[in-house]
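Examining the three-dimensional arrangement
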Amino acid sequence: MYAMQGLDFVEQVAIWAVFFVAVGSLFYAFYLRSLILQKDKGTEKMQEVWGAIRDGADAYLTSQSKSIFPLIAVLTVVLFASVYVVPPTPEALEQFSQYDDATVTLIIGFARAIAFVMGAFASMMVGQYGMRIAVEANVRVVSASKRSFGESLDIAYRAGSVTGMLTNGLGLLGGAVIFMVMGIAAPDALLGFGFGGTLLALFMRVGGGIFTKAADVGADLVGKVEAGIPEDDPRNPAVIADLVGDNVGDCAGMAADIFESSEVTIVSSLILGLALWHATGGQQFEWIIFPLVVRGIGVLASMFGTNFVKSGQNSKSGNAMQAIFNGLIASAIFSTVLFTAAGYVYLQEIAGGWWRIPAVVFIGVVLAIVIDRLTDYFTGSDAPPVEEIKKSADTGPATLILSGISSGFESSVWSVVVIAITILSSIFIFGEFGATYVLYGVSMTGIGMLTLTGNIVAMDSFGPISDNANGIGEMAWSGKTDKATKDAQKIMADLDAVGNTTKAITKGVAIGSAVIAAVSLFGSFLVDVSRAQVSLGVSADQLISAVGIRVDDPRVFVGMLIGGALPWLFSSFAIQAVTRAASLIVLEVRRQFKLGVLSGKVKPDYKQAVNISTTAAQKELVTLALLGVITPILIGLTLQVEALGGFLAGIIVSGQLLAVFLNNSGGAWDNAKKLIEDEPKDPKNNLGKGSERHKAGVVGDTVGDPFKDTAGPALNPMIKVVNLVAVIIAPIVVQYESGASLVVWAVSIALIGILAWAIMRSKAPAESMTAEVGGSKKKSSKKK
């Protein structure tokens with residue numbers, strides 16, 4: 001292709017190899033899917049429960065798509081028009097030198113808009129298709145539990161691997177195709193690709209998180225605490241909504257989240273790589289090509305590692321966590337060997353030695369494993385922090401909640417220390433060459449961390465698949481006490497407990513990757529601002545890359561304060577949404593219990609809880625997305641580009657600390673509750689299910705649910721949305737820092753109005769939600 005001219009033969013072969021690896025990943029995903037669909041779907045009762053979950057999940061995703069498509073259409077037009085505000089970049093002019101400036105601008109506008117749609121579509125495909133294969137798998141896992149532990153583990157992990165391979169394949173395919181078409185102008189289009197994927201991930205994380213936790217909290221408070229019935233009891237009218245939520249929240253949301261993280265690291269590494277390509281005289285394409293090569297190696301490594309997740313096929317028990325970790329380590333070793341060898345062969349001309357880039361990539365691989373172990377320590381069932389939280393249940397829910405909060409605070413500190421050491425490692429390796437090299441090293445650390453994308457997504461999807469399977473088993477086997485059923489229930493309970501830990505671990509990795517990606521994007525922001533300043537004739541010693549962002553500038557400090565506050569406002573709105581919806585579900589479940597659902601006089605109406613959760617989730621989608629999109633634009637236009645840099649620094653630090661706290665405290669409360677439930681049932685001695693300690697554990701779990709599954713995970717894409725928007729608008733902000741003040745302030749006032757509308761809309765209860773339960777309340781009041 002024309003855009004690949006300038007690359008030598010080996011580099012062109014490498015790009016085509018990356019392309020075919022991406023396509024191969026998609027074929028491998030469909031191969032794994034075919035293996036799963038061949039498995040038995042179990043009894044008629046299992047399929048009845050499964051059908052209700054599938055219908056609820058499909059209905060939610062259809063409703064979600066209708067809510068977000070209008071905003072996607074508007075932003076596509078905005079991204080196309082954005083290129084007309086500033087002149088084309090030197091890379092775009094060089095890449096398309098046969099055309100005049102106006103035509104180049106048109107090409108870049110179309111490329112950015114199309115890439116945005118591609119990124120949004122790919123993110124949606126990863127989330128929705130991954131969720132659907134998870135739904136197909138959960139009933140088959142239940143059926144397999146009647147036969148063996150190993151077969152159940154195999155189905156659940158393979159289903160997660162389908163999503164992992166889709167995440168790998170679509171992300172790498174998009175990046176490779178854009179580079180093959182656009183050449184050195186690829187970063188202009190890749191910004192659109194990354195923004196589309198990130199925005200859809202934010203939608204899916206926010207919507208899925210609100211849906212799943214509204215249903216979960218409502219079901220637990222009335223079912224477990226008030227009525228004393230088991231989890232996933234078929235008499236609970238909110239149980240199907242809870243199981244649906246596991247799929248739309250954890251499967252669809254997490255897959256889209258990891259997808260956009262991998263794309264953002266590619267975007268930032270190519271922008272920084274392009275800067276280094278310029279710095280080396282436009283001769284060393286290695287800075288641009290090698291990130292794509294490492295991503296391709298990561299896809300192969302994930303395929304390789306999947307085959308190491310095994311347990312005895314005919315056994316009735318096993319160590320699922322160890323089997324899953326074996327696959328992760330196998331992929332890590334495989335990828336390290338390959339990218340080190342590729343670096344040795346390809347990077348011999350790089351300044352300072354070929355080993356530097358593979359070294360920072362390896363640090364990223366190690367970082368993923370360290371965060372895995374760190375999160376496991378603070379949330380795992382066998383670890384001291386969770387044991388301490390369990391012990392604090394002896395004195396009631398207040399001390400249990402305080403214990404979880406303190407554990408979450410501590411986990412945030414150690415997570416930041418690990419990430420700080422990672423960034424210091426890049427400074428140690430590249431520091432002698434300058435800040436851009438260091439930031440490139442950080443971006444390659446993110447690339448290395450996400451070489452294990454397939455494994456990470458598979459681990460996460462394993463959680464909701466096993467959780468759903470356990471729920472289907474509880475509902476389908478209700479009242480059965482034969483040995484085969486008890487053995488199957490034990491298998492399901494074991495897989496569910498491991499799945500709860502893998503979800504917490506992968507969320508920890510996602511948060512870490514989000515911070516690394518955000519730091520990389522911060523470097524891209526500095527590069528793009530400097531380039532825009534050069535185009536306006538700013539002298540070299542006055543460029544932002546030369547003078548930096550000074551904290552003693554009051555505008556910068558204001559930007560940092562607002563950036564630090566935004567994650568807290570965002571989390572507040574997300575948790576408020578869960579609280580309101582959960583309250584309505586509590587009222588709905590109580591209403592149905594009064595009608596005689598518990599005694600069997602009437603059947604539970606599962607659709608009401610599904611409708612309430614769906615309405616609550618859709619209400620917040622656009623509102624919370626606007627917080628991430630509008631705020632950086634407003635800061636840049638009103639306080640200028642230095643304050644926007646401070647804003648980004650504030651949101652990265654604050655968002656990291658808050659996200660880890662929310663994720664780990666919530667996960668620890670959940671596992672502490674499960675430890676109490678695993679005790680021999682003896683309420684008289686305050687042990688096991690039905691005891692006061694158990695009720696305290698349920699309260700802690702319900703407090704932690706929106707922490708770990710709504711607000712915490714949604715902060716990941718929100719941080720990256722803010723950073724991507726900042727990178728996109730940075731040249732515009734520089735262009736209009738002086739002059740056109742009336743236009744700038746008019747736009748700023750309009751944005752403030754939209755932001756105020758979004759905040760008021762978030763705080764107002766949805767009318768349709770009120771109507772769902774309000775009608776029954778009015779009827780009951782008339783009877784009185």
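Keep in mind the model is a prediction, meaning the values are calculated, not measured.

The rules behind each value
- Residues numbered from 1 in each chain as written.
- Predicted model: local features only at pLDDT ≥ 70, side-chain atom pairs only at ≥ 80, totals over all residues.
- Heavy atoms only, no water.
- Helix = DSSP H or I, 4+ residues; strand = E, 2+ residues; numbered from the N terminus.
- Rg over C-alpha atoms; globule rule 2.2 N^0.38 Å.
- Buried < 20%, exposed > 50% of the residue type's maximum accessible area, 1.4 Å probe, protein only.
- Contact = heavy atoms within 4.5 Å.
- Areas by Shrake-Rupley, 256 points an atom, 1.4 Å probe, with all protein chains shown as cover.
- Lys, Arg positive; Asp, Glu negative; His and termini not counted.
- Charge placed at Lys NZ, Arg CZ, Asp CG, Glu CD.
- Core = buried A, V, L, I, M, F, W, Y, C linked by side-chain atoms within 4.5 Å.
- pLDDT = per-residue confidence, 0-100.
- Arc of directions from axis to C-beta.
- Salt bridge = Lys/Arg side-chain N within 4 Å of Asp/Glu carboxyl O.
- Phe/Tyr/Trp six-rings, centres within 6.5 Å; stacked < 30°, edge-to-face > 60°.
- Axes fitted to C-alpha atoms, helices over the stretch in contact; angles between N-to-C directions.
- Parallel < 35°, antiparallel > 145°, perpendicular 65-115°, else oblique.
- Nonpolar A, V, L, I, M, F, W, Y, C, P; charged D, E, K, R; others polar.
- Patch = residues over 30% accessible without salt bridge, like charges linked within 9 Å, V, L, I, M, F, W, Y side chains within 5 Å.
- Left-handed = near helix turned anticlockwise from the far one by under 90°.

**Here's the deal with the overall build of the protein chain**
Looking only at helices and strands, one finds 21 helices and zero strands in the protein chain. The globule rule puts the C-alpha radius of gyration for 784 residues at 28 Å, and the 26 Å found for the protein chain is close to it. For the protein chain, the C-alpha atoms occupy an extent of roughly 80 × 60 × 45 Å along the three principal directions. Looking at the protein chain as a whole, 63% of its 784 residues are labelled buried. For the protein chain, long-range pairs separated by at least 24 residues make up 86% of all intrachain contacts whose partners lie at least 6 apart in sequence. In the structure as shown, the protein chain presents an accessible area of about 27400 Å², 65% of it carried by carbon and sulfur atoms. Computed over 57 positive and 64 negative side-chain charges, the inter-centroid distance for the protein chain is 11 Å.

**Topic: the nonpolar core**
Residues Phe195 and Phe525 are the most contacted members of the largest nonpolar core, which totals 257 residues. No other element matches helix α18 (residues 606–677), which puts 32 residues into this core. When near neighbours in sequence (up to four residues on either side) are disregarded, Phe525 contacts Ile549, Val641, Leu644, Gly645, Leu648, Ala726, Val727 and Ala730.

**With respect to the environment of Asp701**
Following the sequence through the fold, Asp701 ends up in helix α19 (residues 692–735). Asp701 gets classed as buried once you look at its relative accessible area, which sits at 2%. For Asp701 and Ser665, which are 36 residues apart along the polypeptide, the C-alpha to C-alpha distance reads 9.5 Å. Those residues in contact with Asp701 that lie beyond four places of it in its chain are Asp220, Trp669, Asp670 and Lys673.

**As for the confidence of the model for the protein chain**
Detailed reading of predicted coordinates is not advised where the pLDDT is low. Summarising the model, the protein chain shows a mean pLDDT of 86, and 95% of its residues fall at 70 or more. For the protein chain, per-element mean pLDDT is lowest for helix α21 (residues 767–783), which scores 44, and highest for helix α12 (residues 397–430), which scores 94. Predicted confidence for residues 768–784 stays below pLDDT 50, and this span has 19 contacts to residues more than four positions away or in other chains.

**Points about helix α11 (residues 384–392)**
Buried residues of α11: Pro385, Val386, Ile389, Lys390 and Ser392, and no others. For α11, the arc enclosing every buried residue in end-on projection is 160 degrees, short of the 170-degree limit, so these residues lie on one face. Taken together, the buried residues of α11 touch α10 (356–379), α12, α18 and α19.

**Quick look at the pattern of salt bridges**
Under the definition given, this model contains 36 salt bridges. With a closest N to O distance of 3.6 Å, Glu679 and Lys390 form a salt bridge. Residue Glu679 is located in the loop between α18 and α19, and its partner Lys390 is located in helix α11; the two are separated by 289 residues in the primary sequence. The pair formed by Glu679 and Lys390 is uniform in burial state, with each residue classed as buried. In this structure, Lys673 engages Asp670 in a salt bridge whose closest nitrogen and oxygen atoms are separated by 3.7 Å.

**With respect to the packing of aromatic side chains**
Counted according to the given criterion, the structure contains 21 aromatic pairs. Here Trp287 and Tyr440 contribute two aromatic rings whose centre-to-centre distance is 5.2 Å and whose plane-to-plane angle is 80 degrees, an arrangement assigned as edge-to-face. Placement of the pair is Trp287 in helix α8 (residues 286–306) and Tyr440 in helix α13 (residues 435–449), with a sequence separation of 153 residues. Comparing Trp287 with Tyr440, the two get one shared label, buried.

**Considering the side chain of Thr631**
Relative to the elements of secondary structure, Thr631 occurs in helix α18. A relative accessible area of 8% means that Thr631 is categorised as buried.

**What to know about the packing of helix α7 (residues 239–279) against α8**
Relative orientation of the contacting elements α7 and α8 amounts to 155 degrees, with a least axis distance of 7 Å. Considering the angle they form, α7 stands roughly antiparallel to α8. Facing Ser262, Glu263, Ile266, Ser269, Leu270, Gly273, Leu274, Leu276 and Trp277 of α7, the residues of α8 in contact are Trp287, Ile288, Pro291, Leu292 and Arg295. Of the residues assigned to the contact of α7 with α8, the class counts are nine nonpolar, three polar and two charged.

**Observations concerning the environment of Asp528**
With respect to the helices and strands, the residue Asp528 is situated in helix α15 (residues 483–535). Residue classification places Asp528 among the buried positions, given a relative accessible area of 9%. The spatial distance from the C-alpha of Asp528 to the C-alpha of Lys39 is 52 Å, given a sequence separation of 489 residues. Residue contacts for Asp528: discarding those within four places in its chain leaves Leu191, Ile271 and Val727.

**Focus on unusual backbone geometry**
Peptide bonds are mostly trans, and most non-glycine residues show a negative phi. Its identity as a non-glycine residue notwithstanding, Gln640 has a phi of 80 degrees, on the positive side. On the secondary structure map, Gln640 appears in helix α18. Its relative accessible area of 25% is what places Gln640 among the partly exposed residues.

**Focus on the side chain of Asp220**
Its place among the elements puts Asp220 in helix α6 (residues 186–226). Every residue in contact with Asp220, bar those within four places of it in the chain, is listed here: Val225, Val698, Asp701, Thr702 and Asp705.

**Details of a nonpolar patch on the surface**
A cluster of nonpolar side chains, namely Tyr84, Leu106, Phe110, Ile114 and Met118, defines an oily patch on the protein surface of about 470 Å² accessible area. Leu106 sits in the partly exposed class, given a relative accessible area of 34%.

**Let's talk about the environment of His694**
Within the secondary structure, His694 is located in helix α19. The spacing of His694 and Lys674 is 20 residues in sequence and 9.0 Å in space, taken between C-alpha atoms. Once residues within four sequence positions are removed from consideration, His694 is found in contact with Ile676, Glu677, Gly688 and Lys689.

**Topic: the packing of helix α4 (residues 101–145) against helix α14 (residues 453–476)**
Packed helix pairs are specified by the crossing angle of their axes together with the interaxial distance, meaning the distance between the axes. Contact geometry of α4 with α14 gives a least axis separation of 8 Å together with a crossing angle of 50 degrees. The angle between α4 and α14 places the two elements in the oblique class. At the point where α4 passes α14, the crossing takes the right-handed sense. Each of Ala134, Ala137, Asn138, Val139, Val141 and Val142 in α4 lies in contact with α14, whose residues at this interface are Ile465, Asn468, Ala469, Ile472 and Gly473. Partitioning the contact of α4 with α14 into residue classes produces eight nonpolar, three polar and no charged.

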